[in-house]
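Observations on chain architecture
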Amino acid sequence: MSHTTAGTEPTQPPPGDDTAFFGQPRGLLTLSGLEVWERFSFLGMQAILVLYFADKVSDGGLGMDPGTAASVSAAYGTLVYLVSVAGGWLADRILGSYRAVLYGGVLIACGHYAMAVPTATMTWVGLGLISAGTGLLKPNVASMVGKLYGTEDQRRDAGFALYYMGINIGAFAGPLITGWLGEHASWHWGFSAAAFGMTLGLIQYVLGRRHLAGRRHGAEYALAPGPMRRAVRLMVVGAVVVAAVATALALAGWLTMDRFVDVLTVVSVIAPVVYFVVMFRSPRVTAEERGRLRPYVVLFLASVVFNFILFQAYSTMILLASTNARTEIFGFHFPASWYASALGAFEVALAPVVAAVWARMGPRQPHASNKIAIGVILGGLSFILMVLPTSGHADDTYKMAAWWIVGSYLLLGLGDILVETSGMSATTKLAPKAFASQTMALWFLSLALANGIQSQIVKLYGEVSNPAYFGVNGAIAVAAGVAVIAAAPWLKRTMHPVH
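Notes on the structure in this doc start here. Everything numeric in this text was worked out from a predicted model, so none of it was measured.

Turning to the packing of aromatic side chains, a few remarks are in order. Taken as a whole and assessed by the stated rule, the structure comprises 18 aromatic pairs. Pairing Tyr52 with Phe53 gives two aromatic rings, centres 5.9 Å apart and planes at 35 degrees, and the pair type is tilted. In terms of burial, Tyr52 and Phe53 fall into one category: buried. An aromatic cluster is present here, built from Trp180, Phe332, Phe334, Trp338 and Tyr339 joined pairwise through their rings.

Take a look at the structure:
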């Protein structure tokens with residue numbers, strides 16, 4: 001069968017690509033390379049964002065109190081992942097995955113360049129562009145990884161583990177560079193480094209496009225020309241109206257930052273409920289596919305619980321490190337944001353180990369639901385661990401050893417590998433064919449909901465004691481993981497072809 005269409009370049013990778021990258025498809029290297037730089041920029045910026053929000057205006061920050069800074073940072077994360085729904089739909093119906101990822105990367109780069117300009121206005125403009133770009137890129141690049149494998153390909157979980165290792169190379173390097181520049185030059189120099197990284201990611205993505213499976217110039221389930229034109233007009237008009245109304249409400253004093261955060265939280269709760277209902281009722285979803293969506297709801301909720309903990313590695317944990325953790329090892333002083341790199345470092349180191357274990361075990365490896373459950377429990381334990389060094393102090397002037405936070409990130413990093421790689425891999429298998437990219441977007445809606453909940457809960461940070469804050473949140477996560485294990489027999493019966 002031909003791999004080309006008239007007047008276009010090949011839409012399938014060369015035949016020799018299937019095992020060209022450590023036994024994995026060559027396209028995995030291209031997509032992992034893109035994620036290295038996207039995560040370098042996104043998490044590098046996020047590692048200093050909450051510190052930038054909380055820093056004094058005289059020192060170049062925005063002067064927010066810690067709880068507000070953490071809440072606004074979480075709200076930004078909520079917006080990023082809410083937009084992923086539109087990104088998945090645009091890929092499926094209008095742009096196609098390749099172009100959605102490309103255009104998303106361009107928006108992300110423009111957003112980081114905007115944040116490099118040292119004004120508060122450009123910060124908000126930049127965050128808006130990054131939110132839109134990430135919503136286009138994230139769900140679709142993960143779907144493109146899934147297209148590299150057949151449904152029964154035993155390499156799939158190992159491939160996603162390697163892909164996630166690539167993500168975390170960027171997660172490790174980003175905070176090192178942006179954190180150093182943020183502390184020693186200015187926060188906006190740190191944002192500039194993020195912009196440069198995303199630009200490099202776009203270059204290698206375009207250069208490696210011939211290795212990507214299922215690449216085409218249009219969408220797989222494209223709208224007819226008439227409905228497509230109407231959809232584009234509706235989106236443009238809708239965006240203009242929303243922007244105009246938001247501006248008017250802000251000028252009138254009604255749309256405050258706190259209310260904006262609250263609105264995003266409400267939307268993050270409503271959106272996945274509506275989306276599940278639409279997919280369950282869609283005539284394009286078969287009865288068999290509908291049966292596989294039911295256990296997916298459990299995986300979705302497990303992802304929410306785990307990522308509620310994970311995302312605080314870049315908010316409350318960074319704030320705790322900046323005030324109550326030592327930032328010196330063997331006489332070397334380092335920025336507090338470097339703690340975020342420990343999370344990426346552990347995931348870089350552990351991802352190939354996990355991939356090798358799953359590959360060696362083959363069909364004997366744990367079921368995907370149990371992998372996710374163990375990851376959720378590890379996430380909860382990472383917070384429970386923080387109860388020990390934050391307890392028994394007369395005031396808040398204490399300094400804990402660096403190893404406490406590093407140990408917490410070790411547990412969190414291993415949990416993240418288990419939850420995200422198994423969750424994304426299961427999503428690509430359980431997705432109804434007509435909602436392929438959009439179902440991956442639904443997985444990212446779990447991240448939006450986690451951030452939406454976080455944006456409310458983190459307001460308690462600094463208001464209640466640290467042992468109570470970390471202990472209660474950690475215990476809830478552990479209980480959720482145990483509940484998923486208890487549901488394992490039903491999940492195994494209903495999640496075929498997921499093993």
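Next, the rest of the story.
Moving on, we come to empty space enclosed by the protein. Summed over the entire model, instances satisfying the criterion amount to 3 cavities of 30 Å³ or more. Considered as a void within the structure, the largest cavity measures approximately 290 Å³ in volume. Arg39, Tyr81, Tyr164, Leu310 and Phe311 are, among the 24 residues lining the largest cavity, the residues nearest its centre. Listed by contribution, the elements that provide at least two residues to the lining of the largest cavity are helix H1 (27–54), helix H2 (66–95), helix H5 (156–184), helix H9 (287–310), helix H11 (339–361), helix H14 (402–430) and helix H15 (436–457). Here the lining of the largest cavity is built from residues that sort into 13 nonpolar, 6 polar and 5 charged.

So, on to the layout of surface pockets. In this structure, the largest pocket occupies an estimated 1600 Å³ of space. When residues of the lining of the largest pocket are traced back to their parent elements, those giving at least two are H2, helix H4 (120–146), helix H7 (225–251), helix H8 (257–281) and H15. Looking at the lining of the largest pocket residue by residue, the class counts come to 39 nonpolar, 8 polar and 1 charged. Computed from the structure, the second largest pocket encloses a volume of approximately 700 Å³. Lining the second largest pocket are 38 residues; nearest its centre among them are Leu319, Ala321, Ser322, Thr323 and Asn324. Only H1, H5, helix H10 (316–324) and helix H16 (466–486) provide two or more residues apiece to the lining of the second largest pocket. Of all the elements, H10 adds the most residues to the lining of the second largest pocket, at 5 residues. In terms of residue class, the lining of the second largest pocket is made up of 16 nonpolar, 16 polar and 6 charged.

Calculation criteria
- Every residue gets a number counted from 1 within its own chain, in the order that chain's sequence is written.
- Since the coordinates come from a predicted model, pLDDT governs what is reported: local features require at least 70, and pairs of side-chain atoms require 80 or more to be given and counted, while whole-chain, interface and lining totals use all residues.
- To get the side-chain values, take all heavy atoms of the structure and skip hydrogens and water.
- The rule is short: rings of Phe, Tyr and Trp, with Trp giving its six-membered ring, pair when the centres are within 6.5 Å, and they are stacked under 30 degrees, edge-to-face over 60, tilted in between.
- Categorising residues by exposure relies on relative accessible area from a 1.4 Å probe, with only protein chains included: less than 20% of the type maximum marks a residue as buried, more than 50% marks it as exposed, and the intermediate range marks it as partly exposed.
- A cavity here means a set of 1 Å grid points, computed over protein atoms only, where a 1.4 Å probe fits but cannot escape. A pocket is an open set with protein on both sides within 12 Å along at least 5 of 7 lines, and lining residues have an atom within 4 Å of a point.
- Grid points are joined across faces, edges and corners, and a volume is the space filled by probe spheres set on the points.
- What counts as a helix is a DSSP run of H or I of at least four residues, what counts as a strand is a run of E of at least two, and both are numbered from the N terminus.
- When residues are grouped by polarity, Ala, Val, Leu, Ile, Met, Phe, Trp, Tyr, Cys and Pro land in nonpolar, Asp, Glu, Lys and Arg in charged, and all others, Gly among them, in polar.

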